[in-house]
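Chain by chain, the residues run as shown.
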Amino acid sequence: MYLYIVMTSVVWCETLVREVRLNFACNSFNNQAFMAILTILYYPDPRLYQVAQPVAQVNATIRRLVNDMAETMYAAPGIGLAATQVDMHLQVMVIDISEDKNRLQVFINPKIVNSCGSQDYEEGCLSVPGIYENVTRAEKITVEALGADGKPFKLEAEGLLAVCIQHEIDHLKGKVFVEYLSQLKQARIKNKLKKRLRVTM
Ligand code: QAP
Ligand code: CO
């Protein structure tokens, strides 16, 4: 009888250990697999004016930020998102201008090393919902950055992609596209967003 109890408790113990191990394995796996939708700051939130710091090392924390930003951008949906917009003041931005939303471009520590021409584009911004205004920017740019793998790359861009890269790099410098507009338009946009915020709250 005593032996029986000892044996069942050993069996039970082993099952428990197996279960705990399984749970631990699951949780570690989930920590990697699950992504999160981050909260987007709305203009004129003062945190949008903070200047982003360069990334020292593209590690698991940065890759996780990239994944969460991509999920946030796709869910919105948007075509570009800078870390500043999710209150992370690091030089990280994600862009996907493809129709099928399957061409994610990641830029870490981006730098425009060349630009020429000019183009007008009606821009929007996830931090300025419902507002679309014309902005003049360079037509063609050459940008250097690190990818999600930490490897440096160089890219020549024009058209919408060039606009988007310039728009997102502005965010990293603490600049929102509405700052290119007249003071009157900026004031009107601020009022509109404040009113809308009051309605939804
Ligand atoms: C920046 O913007 C951009 O107002 C990315 O209600 C925009 O993804 C670069 C969005 C245009 C170049 C051209 C805006 C979603 C998305 C809104 C976006 C909205 C819902 C903006
Ligand atoms: Co924006």
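What counts and how
Each chain has its residues counted from 1, running along the sequence as written. Just so you know, chain letters begin at A and ligand numbers begin at 1, following the order they were written in. It should be noted that, the model being predicted, local features are given only for residues of pLDDT at least 70 and side-chain atom pairs only at 80 or more, the latter also being counted only at that level, while totals for whole chains, interfaces and linings use all residues. Strands are runs of DSSP state E lasting at least 2 residues, helices are runs of H or I lasting at least 4, and numbering of each runs from the N terminus. Backbone-placed C-beta atoms define the burial measure: a residue is buried with 20 or more other C-beta atoms within 10 Å of its own, exposed with 12 or fewer, and partly exposed in between. A residue pair is marked as a contact if its C-beta atoms, positioned from the backbone, fall within 7 Å. One fewer than the residue count of a helix, multiplied by 1.5 Å, yields its expected span. Think of it as the arc spanned by the lines of direction from the helix axis to the C-beta atoms. Here is the check we use: build the C-beta atom from the backbone, and if it is within 6 Å of the molecule or strand, call the residue near. In this count, Pro and Cys sit with the nonpolar residues alongside Ala, Val, Leu, Ile, Met, Phe, Trp and Tyr, while Asp, Glu, Lys and Arg are called charged and the others, Gly among them, polar. Only when DSSP finds a minimum of two bridges between them are two strands counted as paired. Joining buried Ala, Val, Leu, Ile, Met, Phe, Trp, Tyr and Cys residues through C-beta atoms within 7 Å gives a set, and that set is a nonpolar core. Orientation is described by lines fitted to C-alpha atoms, with helices fitted over the stretch in contact, and by angles between N-to-C directions that extend from 0 to 180 degrees.

**Some details on the overall build of the protein chain**
Move 1: On a plain count of helices and strands, the protein chain comes out with 4 helices and 7 strands.
Move 2: Counted from the first residue to the last, the protein chain has its helices and strands arranged as α-α-β-β-β-β-β-β-β-α-α.
Move 3: Taken across its 201 residues, the protein chain has 26% of its residues classed as buried.
Move 4: Sequence separation of 24 or more characterises 62% of the internal contacts of the protein chain that already satisfy a separation of 6 or more.

**Digging into helix 2 (residues 60–75)**
Move 1: Helix length check: helix 2, at 16 residues, gives a terminal C-alpha distance of 22 Å against a target of 22 Å (1.5 Å per residue), a fit within 8%.
Move 2: Residues of helix 2 that are buried include every one of Ile-62, Val-66, Met-69, Ala-70, Thr-72 and Met-73, and no others. Buried residues of helix 2, viewed axially, fall in a sector of 165 degrees; they line one side. Opposite its buried face, helix 2 presents the exposed residues Ala-60, Thr-61 and Ala-75, each directed more than 90 degrees away.

**Here's the deal with the environment of Gln-50**
Move 1: Mapped onto the elements, Gln-50 comes out in the loop between helix 1 (2–33) and helix 2.
Move 2: Each C-alpha atom of the pair Gln-50 and Leu-172 lies 7.9 Å from the other, and the pair is 122 residues apart in sequence.
Move 3: The contacts of Gln-50, once residues within four sequence positions are left out, are Thr-84, His-89 and Gly-174.

**Description of the site of ligand 1**
Move 1: Around ligand 1 sit 15 residues in total, of which Gly-78, Gly-80, Gly-124, Pro-129 and Cys-164 are the nearest.
Move 2: Mapped onto the shell around ligand 1, the elements with two or more residues apiece are strand 4 (119–123) and helix 3 (159–172).
Move 3: Among the elements that line the shell around ligand 1, the one with the most residues is helix 3, at 3 residues.
Move 4: Classifying every residue of the shell around ligand 1 by side-chain character gives 9 nonpolar, 5 polar and 1 charged.

**Let's talk about the pairing of strand 2 (residues 92–95)**
Move 1: Residues of strand 2 alternate between two faces, with Val-92 and Val-94 on one and Met-93 and Ile-95 on the opposite face, all of them buried.
Move 2: With 3 bridges connecting them, strand 1 (residues 80–82) and strand 2 associate as antiparallel partners. Bridge pairing links Leu-81 to Val-94 in strand 2.
Move 3: Where strand 2 meets strand 3 (residues 105–116), 4 bridges bridge the pair, whose relative direction is antiparallel. Within the sheet, the bridge partner assigned to Ile-95 lies in strand 3 and is Gln-105.

**A short note on unusual backbone geometry**
Move 1: With omega at 5 degrees, the peptide bond leading from Tyr-43 into Pro-44 counts as cis.
Move 2: Of the consecutive residues Ala-76 and Pro-77, the connecting peptide bond is found in the cis state with omega at -5 degrees.
Move 3: Tracing the backbone through its elements, the reader meets Pro-77 in the loop between helix 2 and strand 1.
Move 4: For Lys-101, which is not a glycine, the phi torsion comes out positive at approximately 55 degrees.
Move 5: As for its position among the elements, Lys-101 is in the loop between strand 2 and strand 3.

**Concerning the nonpolar core**
Move 1: Counting residues in each nonpolar core, the largest one holds 38 residues, and the members touching the most others are Met-69, Met-93, Val-94 and Ile-165.
Move 2: Within the residue set of this core, elements represented by two or more residues are helix 2, strand 1, strand 2, strand 3, strand 6 (140–146) and helix 3.
Move 3: Of the residues forming this core, the biggest block, 6 residues, is contributed by helix 3.

**Concerning helix 4 (residues 183–200)**
Move 1: Spanning 18 residues, helix 4 covers 26 Å between terminal C-alpha atoms, matching the ideal 26 Å at 1.5 Å per step.
Move 2: Of all 18 residues that make up helix 4, 1 are buried, and the element is exposed over most of its length.

**So, the sheet that holds strand 3**
Move 1: Taken in spatial order, the 5 strands of this open sheet run 1-2-3-6-7, and their pairing is antiparallel. Of all strands in the sheet, those bounded by a partner on one side alone are strand 1 and strand 7 (152–158). Averaged over all adjacent pairs, the angle separating strand axes in this sheet is 35 degrees, with direction ignored.
Move 2: Those strands touched by helix 2 are strand 1, strand 2 and strand 3, and its axis lies near 40 degrees from that of strand 2.
Move 3: On top of the sheet, helix 3 reaches strand 1, strand 2, strand 3, strand 6 and strand 7; it is set at about 20 degrees to strand 1, its chief contact.

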